[in-house]
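# What the coordinates show
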Amino acid sequence: GAGVSQSPSNKVTEKGKDVELRCDPISGHTALYWYRQSLGQGLEFLIYFQGNSAPDKSGLPSDRFSAERTGGSVSTLTIQRTQQEDSAVYLCASSTGVVGEVNYGYTFGSGTRLTVV
Amino acid sequence: RKEVEQDPGPFNVPEGATVAFNCTYSNSASQSFFWYRQDCRKEPKLLMSVYSSGNEDGRFTAQLNRASQYISLLIRDSKLSDSATYLCVVGGSGGYQKVTFGIGTKLQVIP
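We now turn to the structure provided with this report. Residue positions within a chain follow its written sequence, with the count starting from 1. Each chain gets a letter, beginning with A, and each ligand a number, beginning with 1, in the order they are written. At least 70 in pLDDT is required for a residue's local features to be given in this predicted model, at least 80 for side-chain atom pairs to be given and counted, and no such filter applies to totals for whole chains, interfaces and linings, which use all residues. The side-chain values count all of the structure's non-hydrogen atoms but skip hydrogen atoms and water molecules.

What follows is about the state of the cysteines. All names here are of chain A. Cysteine sulfurs are considered disulfide-paired once they come within 2.5 Å of each other. Considering all chains together, one arrives at 2 disulfides over all chains under this definition. Covalently, Cys23 is tied to Cys92 through a disulfide, its sulfur atoms 1.9 Å apart. Classification of the bridge connecting Cys23 and Cys92 rests on its S-S torsion, roughly -65 degrees, and on that basis the disulfide is left-handed. Pair noted here: Cys23 is in strand S3 (residues 19–24) and Cys92 is in strand S8 (residues 88–95), with a separation of 69 residues, a long-range link. Each helix corresponds to a stretch of at least 4 residues labelled H or I by DSSP, and each strand to a stretch of at least 2 residues labelled E; elements are numbered beginning at the N terminus.

Structure, rendered in C-alpha cells:
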C-alpha cells in the first residue's frame, strides 16, 4: 500500500487479556519502529527492527510485551495480561533505513488506540 | 541528560508572528535530524529534514548547529493552522538508524 497500515484502529480489552496489534509497513522499508503515546504525553520508544539484524528491544516496558517481524515486512506487537496502564495509542513507523545526509524520514501509521478496562 | 530535549511549551503567539523552537541533543555522532508535526490525536508527520547547510521550505526554516548540538525551527508569519506540537527527532549514528523523538513543543497560534 501507499502508507503504513495499522490494525485494529481501536481496541477495547478487559484487564488480563492478551492483545495483538498489527503493522504493515511501506513496501521496501527495512526499518520498522513501535512507539506508544499516552494521552498528552510524548512518544515512548518500544522496539526497533532493521533488516535482518537483531531487534532493539530496549524500550519494551516489561516482559508482557513482545514483537516480531516476519519476512522483513509485517510486524505484530503482542501485549500479554494487559493492565490499565497499557492504555495508549500504539504507533508504528517505517523508513528506508538509509543513514546519511539525505534521509526521507519515517512514516507513521495512524495508530491503534488501546483501552484496557 | 536526555538524548533529545525540547521545551514543551506551550508557546502562545499571535497570528503573523515569528516563532522559533530549539532542540538540543546529547549524541555528537548523530547524523539524522528532523522536525515532525503532530496534530491533536493524530500521528506525527514529517515536516522537514534538517541538513548541515540548513534548509527552508516556505515559511519554515530549519538549522543545525553541530558545535553546540542543537537544531532549530523558525516559523515566519504564523497561521492559525500552524497550531500543533512540533517534535524534534535525532539519531542515526554509526550506520544504526534508530532515532529518538523529543517530547515536542506545543504551539498555539491565536487570532
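Of all hydrophobic cores here, the largest spans 23 residues; its most connected members are Phe21, Trp35, Ile71, Leu73, Ile75, Tyr86 and Leu107 of chain B. Going through the elements one at a time, strand S3 (19–25), strand S4 (32–38), strand S7 (60–65), strand S8 (70–75), strand S9 (84–91) and strand S11 (105–110) of chain B are the ones with two or more residues in this core. Side-chain atoms within 4.5 Å link the members of a nonpolar core, which is a set of buried Ala, Val, Leu, Ile, Met, Phe, Trp, Tyr and Cys residues. When accessible area is computed with a 1.4 Å probe and restricted to protein chains, residues below 20% of their type maximum are described as buried, those above 50% as exposed, and intermediate ones as partly exposed.

Turning our attention to the packing of aromatic side chains. Pairing of aromatic side chains requires ring centres within 6.5 Å, counting the rings of Phe and Tyr and the six-membered ring of Trp. Pairs whose planes differ by under 30 degrees are stacked, by over 60 edge-to-face, and all others tilted. In the structure shown here, the tally under the stated rule is 14 aromatic pairs over all chains. Taking 5.4 Å as the distance between ring centres and 90 degrees as the angle between the ring planes, the aromatic pair formed by Tyr33 of chain A and Tyr106 of chain A counts as edge-to-face. You can see Tyr33 of chain A sitting in strand S4 (residues 31–37) and its partner Tyr106 of chain A sitting in the loop between S8 and strand S9 (107–108), a full 73 residues away along the chain. A relative accessible area of 3% places Tyr106 of chain A in the buried class. With centroids separated by 5.1 Å and ring planes inclined at 55 degrees, the aromatic side chains of Tyr25 of chain B and Phe33 of chain B adopt a geometry described as tilted.

It is worth spelling out the sheet that holds strand S1 (residues 4–6) of chain B at this point. Residues and elements named next belong to chain B. Two strands form a pair only when DSSP identifies at least two bridges running between them. Ordered in space as S1-S3-S8-S7-S6, the 5 strands form an open sheet in which the pairing is antiparallel. What marks the edges here is a single partner per strand, and that holds for S1 and strand S6 (55–57). Pairwise comparison of adjacent strand axes, ignoring direction, gives a mean angle of 15 degrees for this sheet. Here 3 bridges tie S6 to S7, and the two strands are oriented antiparallel to one another. Bridging from a neighbouring strand, Asn55 pairs with Ala62 of S7. Only the stretch in contact is used when a helix axis is fitted, and all axes are lines through C-alpha atoms; the angle between N-to-C directions ranges over 0 to 180 degrees.

Next up on the list: the side chain of Thr78 of chain A. All names here are of chain A. Structurally, Thr78 can be placed in strand S7 (residues 75–79). Judged by relative accessible area, which is 17%, Thr78 ranks as buried. If sequence neighbours within four positions are ignored, Thr78 has contacts with Val19, Glu20, Arg64, Phe65 and Ser66. In what follows, residue pairs with any heavy atoms lying within 4.5 Å of each other are defined as contacts.

Structurally, the position occupied by Ala2 of chain A is in the segment before strand S1 (5–7). Using a relative accessible area of 81% as the deciding quantity, one classes Ala2 of chain A as exposed.

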